[in-house]
Structure formats: structure tokens, C-alpha cells
Amino acid sequence: METIIEIKHVNKYFGSHEVLKDIDFSVKKGEVVTIIGSSGSGKSTLLRCINLLEKPSGGEIMYKGENILDEKHDIFTYRRKLGMVFQQFNLFNNHNVLSNCVVGQVKVLKRSKDEAEKVAMKYLKIVGMDKYVNARPNQLSGGQKQRVAIARALSMEPDVMLFDEPTSALDPEMVGEVLKVMKQLAESGLTMLIVTHEMEFAKEVSDRVVFMDKGVIAEEGSPEQIFNHPTQERTREFLKRTL
Ligand code: ADP
Ligand code: MG
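Residues numbered from 1 in each chain as written. Chains lettered and ligands numbered in written order. Predicted model: local features only at pLDDT ≥ 70, side-chain atom pairs only at ≥ 80, totals over all residues. Heavy atoms only, no water.

The name an unreviewed UniProt entry assigns to the protein chain is ABC transporter, from the organism Brevibacillus borstelensis AK1. You can read under Subcellular location (unreviewed entry) in the UniProt record for the protein chain the words "Cell membrane". Note on the protein chain: under the UniProt heading Sequence similarities (unreviewed entry), the record states "Belongs to the ABC transporter superfamily." (UniProt positions renumbered as here; feature names shortened; annotations may be inferred.)

As C-alpha cells, this is what we get:
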């Protein structure tokens, strides 16, 4: 399968603190990769470097074979290819559900309002929120908000979806509905990169699991390898603490 994103020797400093250390990593088309690891290990920073919310201090980020950190590369075109779902939803509170999924398409992709609404409805249906098009975010539960946020990102029809702990801010009873939608997306062949603390979910949906520790990728492999036969002591320690 075609490699979509490839990261080579990426590091990231905040001041003198090296938060990512010589990261090599790639995502292939259709792959579902989960990133696990303790708080502070650099998972969010890695995602933020991939979508250029943070600028890596060094290394290369290749998108379909081109180094997008090259001056000549248009980062806006690149960022349009990535959908991002955050822990805190980040919905536009002054827009209703449908409008949340339409504005980006009209502004950034220059789609007509009609077309954008059609696309938005398609993805709102997929996440089970098509009955709520006129609701405002503050009328929705956390799980519903996150499903709208997923539909909004999907409406931009990105090549890769990035999720940063999409269920961590939710009440426990709402985690399941969001994971169910994500599982369905994973099975549909969408390329996904997911930071999560939901180990059962990671086990079920991942093609590959990446374990980060103190700014490095300490181990990566199939869910079977990482969860049942980890080779690194620190992976075993982490899993003992979380499972
Ligand atoms: P994780 O997502 O795995 O919990 P983060 O990527 O958020 O980890 O953070 C990794 C390290 O980088 C932490 O020590 C954190 O304090 C530090 N860090 C993250 N963002 C910033 C920032 N904007 N400025 C300074 N330090 C940061
Ligand atoms: Mg984080």
C-alpha cells in the first residue's frame, strides 16, 4: 500500500526540553495506527507536528513523497488533506450542527453551500447526528458533540484523520458511542492515526500500535505483539499500569 505520511528523524524542542527525539514513523493508505503512552510522552506533540500546528525543530515530514517542510511547499494544501479531532471538540458554538460541517467546506474548499450541505449530511448520517442539524453545540451531550466534530472533519474529505484522545473529555457513558463511530470508520478503510487511552479499542481496531515513552517510539507492532508479547520492559510496565 502507498505510504501517505512518512516522518524522518523528527525532533521537537520546547526551549531546551527535547520533547520528540529522532522520530521515524509512517502511515500507509488505509492503515489504522494507534499511539499509546503515558501522559507527557509526546503523543500530542507528534500529532501537532504532523499537521503543522507545531513546527518540528528538525527532520522531515514527507507527504506522498514530498517534504512538506520545504520552503517551496504549500502547507495550506497539505493541511487540507488532514482532518483533526481534538479532545475538547472545538466546535463553533455560534453555529448549528449543519453549519459547523459546512463553513469549512465553503471557505476552504470553495464548495457551493448546496454541495457542502449534501456532503455534510452524508457524514452526519454516518456518525448518527443527522437528526440534530439545527441544534447548537451547547444543546448536545459530549458524545454528540464529538460525533459532530468527527462529521465536520470528514466533510473536508481528508486523506488521513488524526484523533487526539477523542474520548478523554467524555463522561464514561458516552465513550462507547464515539468509539463505535470510530470503529465503523476504521472498518470502512479510512486512514486513521489515533492517540488513545482506550486499550481495548486500540487492540480491536489497530493495524499497528505505537508505544511512545519520553519522546521516543519505544516499540511498535501489531496489537497482538504490543499487547500480548511486548519486547520492551517499559512497554510491559506501561501496560501493567493501564490494563
Ligand atoms: P502527551 O500528549 O503524550 O501527554 P505532550 O505532547 O502533550 O504529551 O507533551 C510532551 C511534553 O512536551 C510534556 O513534557 C509537555 O509538558 C511538553 N509540552 C507540550 N506542549 C508544550 C508547549 N507548547 N510548550 C512547552 N512545553 C510543551
Ligand atoms: Mg496529549
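Here the narrative resumes, following the displayed structure.
*Asks:* What should I look at first to understand the sheet that holds strand β7 (residues 160-164) in this one?
*Replies:* The strands making up a sheet associate through hydrogen bonds between their backbones, and the pairing can be parallel or antiparallel. Within the open sheet, the six strands sit side by side as β6-β7-β8-β3-β9-β10. Their pairing is mixed. Edge positions in the sheet fall to β6 (82-85) and β10 (216-221), since each of these pairs with one other strand and no more. Here the strands of the sheet are splayed against their neighbours by 20 degrees on average, with no regard to which way each runs. In this structure, β6 lies alongside β7, joined through four bridges in parallel fashion. Note that in β7 the partner of L82 across the bridge is V160. Taken strand by strand, helix α1 (residues 43-50) contacts β3 (32-36), β6, β7, β8 (191-195) and β9 (208-213), and its axis lies near 150 degrees from that of β7. Across the face of the sheet, helix α6 (residues 172-187) comes into contact with β3, β7 and β8 while running at roughly 145 degrees to β8. (Pairing = 2+ DSSP bridges. Helix = DSSP H or I, 4+ residues; strand = E, 2+ residues; numbered from the N terminus. Axes fitted to C-alpha atoms, helices over the stretch in contact; angles between N-to-C directions. Contact = heavy atoms within 4.5 Å.)

*Asks:* Teacher, can you tell me more about the nonpolar core here?
*Replies:* Side chains of a nonpolar character, in soluble globular proteins, are inclined to be buried together. In terms of nonpolar packing, the biggest core is built from 40 residues, with L124, I150, M161, F163, M182 and M192 touching the most fellow members. Those elements giving two or more residues to this core turn out to be α3 (97-107), α4 (113-126), α5 (142-155), β7, α6, β8 and α7 (199-205). With eight residues, α6 is the largest single contributor of residues to this core. Sequence-distant contacts of M192, that is, excluding residues within four places in its chain, are made with E31, V32, V33, M161, F163, M182, L185 and A186. Counting 27 residues, the second-largest nonpolar core is a separate cluster that includes L46, L47, I50 and L193. (Core = buried A, V, L, I, M, F, W, Y, C linked by side-chain atoms within 4.5 Å. Buried < 20%, exposed > 50% of the residue type's maximum accessible area, 1.4 Å probe, protein only.)

*Asks:* So what exactly am I meant to see when it comes to α5 here?
*Replies:* An α-helix turns once every 3.6 residues. As a result, residues three or four positions apart point the same way. Helix length check: α5, at 14 residues, gives a terminal C-alpha distance of 20 Å against a target of 20 Å (1.5 Å per residue), a fit within 8%. Burial analysis of α5 places 13 of its 14 residues in the buried class, the great majority of the element. Of the residues one or two after α5, E157 is the one with positive phi, at around 45 degrees. (Expected span 1.5 Å × (residues − 1).)

*Asks:* Please explain the site of ligand 1 as it appears in this structure.
*Replies:* Taken together, F14, H17, V19, S38, S39, G40, S41, G42, K43, S44 and T45 make up the full set of residues adjacent to ligand 1. Taking K43, its side chain carries an N or O atom lying 2.7 Å from an oxygen atom of ligand 1. A distance of 2.5 Å is found between an oxygen atom of ligand 1 and a side-chain nitrogen or oxygen belonging to T45. The set of elements that each furnish at least two residues to the shell around ligand 1 consists of β2 (17-28) and α1. Ranked by residue count, the leading element in the shell around ligand 1 is α1, at three residues. Among the residues making up the shell around ligand 1, the classes are represented as two nonpolar, eight polar and one charged. (Near = heavy atom within 4 Å. Polar contact = N/O pair within 3.5 Å; in protein donor to acceptor, adjacent residues only side chain to side chain. Nonpolar A, V, L, I, M, F, W, Y, C, P; charged D, E, K, R; others polar.)

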